[in-house]
Structures are given as structure tokens and as C-alpha cells.
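Close look at the chain arrangement
The primary structure of each chain is shown beneath.
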Amino acid sequence: ALHTTFLKKLGGSGLERSFRTGSFEEPQRGKMSHARVSMYLPPDINPAQASIAYGCRALPKLNEELQSEDLLTRQKALMALCDLMHDPEHVYAAIDIGCLESLKALLKDNNDMVRIKATEVLSIMATHNVGREGFLKHDVILALAYLLNDPQSACRENLHLALKHVAQLPSGAQGIVNNGLIPSLVWKLQREEEEIQGLLLDTLAACLLEDATEALSNRVVPFLKQKLLSTNDDIRSKAACMLTVVSIPLEGKNQVWQHDVIPILVHLLKDKMEEVQANAAGALMYATMTTQGKYAALDAEAIHPLLNLLCSSLSKARLNATKALTMLAETPEGRKFLRSHVPVFRTLEEDTSEAVRRAARTAIKVIEWKP
């Protein structure tokens, strides 16, 4: 009955006949628009990225695809993970379902793009604390070491970026030391590209705070001496910063003096970059704790450039210069020269930084001390 009523409403038109016979004629052009399907993908669809399942099924599905034998499937899954791993909650979930084990396996994949994207995913995961802890729990550091000599520079860069993030945790830095990576990282300093060298210096500086023994026995001081002469401002700054860490143990102080690094550090006190100046003063602060270091700095005429740094806009530079001058004031020659500059240190007693104020008071006591 409903069917009959519907046909009556059509009014016996040609459309009724078409409905009865099942054959529809194409409407005349201009009277009705055609439905067309676009040849292009929707604007929010990435053909190089795997489609992400809904809700809690998303990461398990991607983990399955990471283990697929199909190359394109693995690549698309890695592309999707690169986006998801910016969220620490997704990182936690990915570690919980075993994604780190899948990624470790992909580090040995024969395809360059798979290795590059796998290291990129790991470098993103390492920006989160939960990711760094996962690296230590699942031995990812040792798996990454497999790619230290990878032919693809993008892969190595991602690897060193991941290690740099891991080293931000004291336990992460100790993990790198415990896995025996320090000799290889030191050796890479003279062979890697400049961008990667910067990452290496950051990683090594954090690791040497935990233990500098291996680095010192693998010629880290001569390698850093070369980096102090680099034309790259960032490399010079980071090399001087790392020498500060190297000079903390006594063996490091002795090697800095033995390899004639102190004159170069004095020269860097006049560098065009304030950050380089500050880090060079920091390295001198530790290197001049020994008698040999003190007199090497005096012979290199370090006092004048250090005094100039007391007026630096960087509080770090003022602090390091004040402490380095205090070390030099422990020698009779240094104390005698600095007595006429005590008013400068008096000015620093009003500095905005509490650390600088304390260092200035200590410097005045040392300079004015009389036997």
C-alpha cells in the first residue's frame, strides 16, 4: 500500500515509468548536476603514513605493523609513530605493549628509511622521562650503539640526539658509561659531521660528570684541544664547556696542562662569542687549581682578559672569571698584581647574582691575605 501511494505521488510522470521498469535515464545536461568523486585524497590524509586505529587499539595495531614483512607497511607504521610519540602518555603505552623491542629489531633493518625513521621515533621518545627510563630498562642504548657507523648521516644524527636526551638523566649518563660507549664516542669526535659533533659534545659532557676515567684514557683532551680551534662557534663553546667537566678530576687537570691547552683557553677569553668566553673561564677555573696550571695561566697572561670578563653581561662569565682569578691570586705573583684591582671585586659584591657576590668576597679575602 505504501508503495502504491508513493507511485501515485509521482504523478504518473516519466519518473514513475522509470521506477516501475528499473531503468533510469540520465538527466539532461544543465538541468541536474552530476555527482563526481574527486581524484585527489582528502586534505588530512597522508599516503605515506599508516592509518591509525581508533582508541586503545591504535598502538597495538602499529606495533603489529612494525613487525610486518612488508616494507611499505613498516615504513608507514614508523611515520605514524613519529607523530604519536610526542605525547608522553602514548610513549608510556607504547613501551608497555613492547614497541621498544620492535624498534630495536628495526635498527638492524636493511632498508635505510626504516632505520632512519626507527631512530627518529626513539629520539622523540627519549625527550620524555618515561622514554629515557624505558631505554634503560629495555637495553636500548646498546642497540643504538649498533648504528654508530651507519652509512646514513640522518640515522647517526637521530642516534646521537637520542643519546643526548638519555644522558640528561644521571642514570642515563651512567648507563652510557656502563655500556662501554665512551671510547667510541670520543673517537667519533674527530670523524663526525659538525652538527653531530655538537650532539656528541653534549652527551660526553653529561657522561663525564659521572665518570671521566675512560675518556681521559682515550685521548679526549687532545681531541678537545682541536675542537677549541674550530671555526664553528657552537663547537668551540661546547668543547670549552666539556673541558670544564674534564678538568674536575686531578688527572684531567694534569692532562690539560700537559697538552698545552691552557694558552688556547686564555686566547678564547677574548673570543667574539660571550658563551665561549664564559666556558673558557670555567675550564681555567678548574685547570688552575694545580700549581702547574696556575703558572701556565700566568705565563699565558690570563689575568687581563679575566679582569675584562668581570664586566660581562653573562653572570656565568663573571662568576667563572672571579673564581679563576681567585685561583691565580693564590700565587705570590698573581696576588701582587691583583691588589690594585680590589675595587673591581668590591663592585661585584653588589652583583645581582648571589653566587657572584660570594665569589667576589672570597676573591678579596685571598687577594688581601698576608703571610
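A brief look at the structure comes next. Values in this document were obtained by computation on a predicted structure and should not be read as measured data.

A positive phi angle, near 55°, is found at Asp-139, a position not held by glycine. Structurally, Asp-139 is set in the loop between helix H8 (129-137) and helix H9 (140-145).

The next thing to look at is the nonpolar core. Most often, soluble globular proteins keep nonpolar side chains buried together rather than apart. Residues Met-85, Met-125 and Phe-135 are the most contacted members of the largest nonpolar core, which totals 111 residues. Looking at this core element by element, the count peaks at eight residues for helix H13 (residues 194-210).

Attention now moves to the packing of helix H3 (residues 58-66) against helix H4 (residues 71-84). Between two packed helices, what matters for the description is the angle formed by their axes and the separation of those axes. Closest axis-to-axis distance for the H3/H4 pair is 8 Å, and the angle between their directions is 140°. Judged by the angle between their axes, H3 and H4 are oblique. In this structure, H3 crosses over H4, and the sense of that crossing is left-handed. Contact residues: Leu-59, Leu-62, Glu-65 and Leu-66 in H3; Thr-73, Arg-74, Ala-77, Leu-78, Ala-80, Leu-81 and Leu-84 in H4. A class-by-class count of the residues in the contact of H3 with H4 yields eight nonpolar, one polar and two charged.

So, about the side chain of Asn-320. As for its position among the elements, Asn-320 is in helix H22 (residues 315-328). A distance of 2.9 Å separates the side chain of Asn-320 from the backbone oxygen of Ala-278, its partner in a polar contact. Residue contacts for Asn-320: discarding those within four places in its chain leaves Ala-278, Ala-281, Gly-282 and Met-285.

Locating Thr-326 in the fold gives a position in helix H22. Side-chain polar atoms of Thr-326 contact the backbone oxygen of Thr-322, separated by 2.7 Å. In contact with Thr-326, other than residues within four places in its own chain, are Ala-359, Thr-362, Ala-363 and Val-366.

Right, let's talk about the packing of H22 against helix H25 (residues 354-367) for a bit. Between H22 and H25, whose axes approach to 9 Å, the crossing angle comes to 20°. Considering their axes alone, H22 and H25 lie roughly parallel with respect to each other. Handedness of the crossing formed by H22 with H25: left-handed. Seen from H22, the contacting residues are Ser-315, Arg-318, Leu-319, Thr-322, Lys-323 and Thr-326; seen from H25, they are Ala-355, Val-356, Ala-359, Ala-360, Thr-362, Ala-363 and Val-366.

What counts, and at which threshold
- Residues numbered from 1 in each chain as written.
- Predicted model: local features only at pLDDT ≥ 70, side-chain atom pairs only at ≥ 80, totals over all residues.
- Heavy atoms only, no water.
- Helix = DSSP H or I, 4+ residues; strand = E, 2+ residues; numbered from the N terminus.
- Core = buried A, V, L, I, M, F, W, Y, C linked by side-chain atoms within 4.5 Å.
- Buried < 20%, exposed > 50% of the residue type's maximum accessible area, 1.4 Å probe, protein only.
- Axes fitted to C-alpha atoms, helices over the stretch in contact; angles between N-to-C directions.
- Parallel < 35°, antiparallel > 145°, perpendicular 65-115°, else oblique.
- Left-handed = near helix turned anticlockwise from the far one by under 90°.
- Contact = heavy atoms within 4.5 Å.
- Nonpolar A, V, L, I, M, F, W, Y, C, P; charged D, E, K, R; others polar.
- Polar contact = N/O pair within 3.5 Å; in protein donor to acceptor, adjacent residues only side chain to side chain.

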